[in-house]
Amino acid sequence: SQTIHQWPATLVQPVGSPLSLECTVEGTSNPNLYWYRQAAGRGLQLLFYSIGIDQISSEVPQNLSASRPQDRQFILSSKKLLLSDSGFYLCAWLPDRGRKGYTFGSGTRLTVV
Amino acid sequence: DAKTTQPPSMDCAEGRAANLPCNHSTISGNEYVYWYRQIHSQGPQYIIHGLKNNETNEMASLIITEDRKSSTLILPHATLRDTAVYYCIVPAGGTSYGKLTFGQGTILTVHP
C-alpha cells in the first residue's frame, strides 16, 4: 500500500542548533514530494518541492534547505535554527497520479526556544 | 494558482448540511478545483476535486457553477468531527502535479 511517514512528531530545539526532519513514502516510485510549513494561526506555505533525486526547487528564501538523497526520501534541514523557524512542518506527495489529491504526512511540530 | 475567496468562518448544526462556498473567478478552463480540510494539529486531508461537472464521493459533494467561477462543498450530514478548516484550492497550470497554495480557508464549526 502507499503510505507516507514523517518524523519526529514533535521537536523542541534551541536557537542555533541544527535540524533534520525526514519524510519517506512507500508503495510508489519517483513521486513528487513537497515540504510545507504552517506557522501558528496561519495557512500552509510551500517551502520546497522535488520531482526526483537531487532535484529540489525552493519556493521562498529562508534558513532551511531540502535534500532528496533517495527516490522516496525527502529531508528538511537547517544548520542553525532561528526562532522564526518554529511551526508545523508537513511533507506531502501525490499518489494515484492526482486522482485523489495530495496526501500529507502527520506533521512535525517544531518549537525553537 | 488562481486566487480563491472563502468566508473566514461558518457554523453548522450537527446533522444538517454544511454548504461551504468558494469563489474562483479567475479560474482557467483546464484548472481543477480541489477541496481539503485540516483538523486541528493534523495534516490536511483531501476531500474532493472537480473540473466542470458536479462530483460526489463518500465524504462530500462538489457543485461547480456553469461558468466555473464559484463552487460549493456540501457535507450532507455534518458531524462534530467535521469541525475543521476547509481549503478551496485551484492549482496553477491545470495539472494536479502543480504546487498547492493554501489560503486561510473557512473555519467550519459544527455544534450540537
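Before reading further, recall that the structure is shown in the block above.
Residues numbered from 1 in each chain as written. Chains lettered and ligands numbered in written order. Predicted model: local features only at pLDDT ≥ 70, side-chain atom pairs only at ≥ 80, totals over all residues. Heavy atoms only, no water.

## Description of the overall build of chain B
Phase 1 of the analysis: When helices and strands are counted, chain B shows 0 helices and 9 strands.
Phase 2 of the analysis: Along the chain direction, N to C, the helices and strands of chain B fall in the order β-β-β-β-β-β-β-β-β.
Phase 3 of the analysis: Relative to the globule expectation of 13 Å for 112 residues, the C-alpha radius of gyration of chain B, 13 Å, shows essentially globular dimensions.
Phase 4 of the analysis: Summarising its shape, the C-alpha atoms of chain B cover approximately 40 × 30 × 25 Å along the three principal directions.
Phase 5 of the analysis: A total of 112 residues make up chain B; the buried ones form 45% of that total.
Phase 6 of the analysis: Within chain B, contacts between residues at least 6 apart in sequence are counted, and of these 58% link residues at least 24 apart.
Phase 7 of the analysis: Here chain B displays about 5600 Å² of accessible surface, and carbon together with sulfur accounts for 51% of that area.
Phase 8 of the analysis: Of note, chain B has its 8 positive side-chain charges centred 4 Å away from the centre of its 9 negative side-chain charges. (Helix = DSSP H or I, 4+ residues; strand = E, 2+ residues; numbered from the N terminus. Rg over C-alpha atoms; globule rule 2.2 N^0.38 Å. Buried < 20%, exposed > 50% of the residue type's maximum accessible area, 1.4 Å probe, protein only. Contact = heavy atoms within 4.5 Å. Areas by Shrake-Rupley, 256 points an atom, 1.4 Å probe, with all protein chains shown as cover. Lys, Arg positive; Asp, Glu negative; His and termini not counted. Charge placed at Lys NZ, Arg CZ, Asp CG, Glu CD.)

## Thoughts on the sheet that holds strand 7 (residues 70–75) of chain B
Phase 1 of the analysis: On the basis of which strands lie adjacent, the open sheet formed by 4 strands has the order 2-7-6-5 (chain B) and antiparallel pairing. Among the strands making up the open sheet, the edge pair consists of strand 2 (18–23) and strand 5 (55–56) of chain B. (Pairing = 2+ DSSP bridges.)

## Regarding the side chain of Q13 of chain A
Residue and element names in this part refer to chain A.
Phase 1 of the analysis: Along the chain, Q13 turns up in strand 2 (residues 10–13).
Phase 2 of the analysis: Of the residues examined, Q13 reaches a relative accessible area of 19% and is grouped as buried.
Phase 3 of the analysis: Separated by 3.4 Å, the side chains of Q13 and S17 make a polar contact.
Phase 4 of the analysis: Residues in contact with Q13, not counting those within four places in the same chain, are P18, L81, L110, T111, V112 and V113. (Polar contact = N/O pair within 3.5 Å; in protein donor to acceptor, adjacent residues only side chain to side chain.)

## Re the pattern of salt bridges
Residue and element names in this part refer to chain A.
Phase 1 of the analysis: As enumerated under the stated definition, the model contains 3 salt bridges over all chains in all.
Phase 2 of the analysis: Between R37 and D85 there is a salt bridge, with its nearest N and O atoms 3.8 Å apart. Note that R37 is positioned in strand 4 (residues 33–38) and D85 in the loop between strand 8 (73–78) and strand 9 (87–93), a separation of 48 residues in sequence.
Phase 3 of the analysis: By relative accessible area, which is 3% here, D85 ends up buried. (Salt bridge = Lys/Arg side-chain N within 4 Å of Asp/Glu carboxyl O.)

## Description of the side chain of R37 of chain A
Residues and elements named next belong to chain A.
Phase 1 of the analysis: Given a relative accessible area of 13%, R37 falls into the buried group.
Phase 2 of the analysis: Only 3.1 Å separates the side chain of R37 from the side chain of Y89, close enough to count as a polar contact.
Phase 3 of the analysis: Here R37 is in contact with G43, L44, Q45, L47, Q62, L64, S84, D85, S86, F88 and Y89, once residues within four sequence places are set aside.

## Some thoughts on the state of the cysteines
Phase 1 of the analysis: What the rule picks out here adds up to 2 disulfides over all chains.
Phase 2 of the analysis: Each sulfur of the disulfide joining C23 of chain A and C91 of chain A lies 1.9 Å from the other. One quick way to see it: the torsion about the S-S bond of C23 of chain A and C91 of chain A is about -75 degrees, and its sign makes the bridge left-handed. One end of the pair, C23 of chain A, is in strand 3 (residues 19–26); the other, C91 of chain A, is in strand 9, with 68 residues separating them in the sequence.
Phase 3 of the analysis: In this model C22 of chain B forms its disulfide with C88 of chain B; the gap between the sulfur atoms is 2.1 Å. Here the S-S torsion is close to -80 degrees, and the disulfide linking C22 of chain B with C88 of chain B is therefore left-handed. With C22 of chain B in strand 2 and C88 of chain B in strand 8 (residues 84–89), this pair connects stretches of sequence that are 66 residues apart. An identical accessibility class is assigned to C22 of chain B and C88 of chain B; each is buried.
Phase 4 of the analysis: C22 of chain B supplies the cysteine sulfur nearest to C12 of chain B, a cysteine that is in no disulfide, at a spacing of 18 Å. (Disulfide = S-S within 2.5 Å.)

Read these as geometric descriptors, not functional statements.
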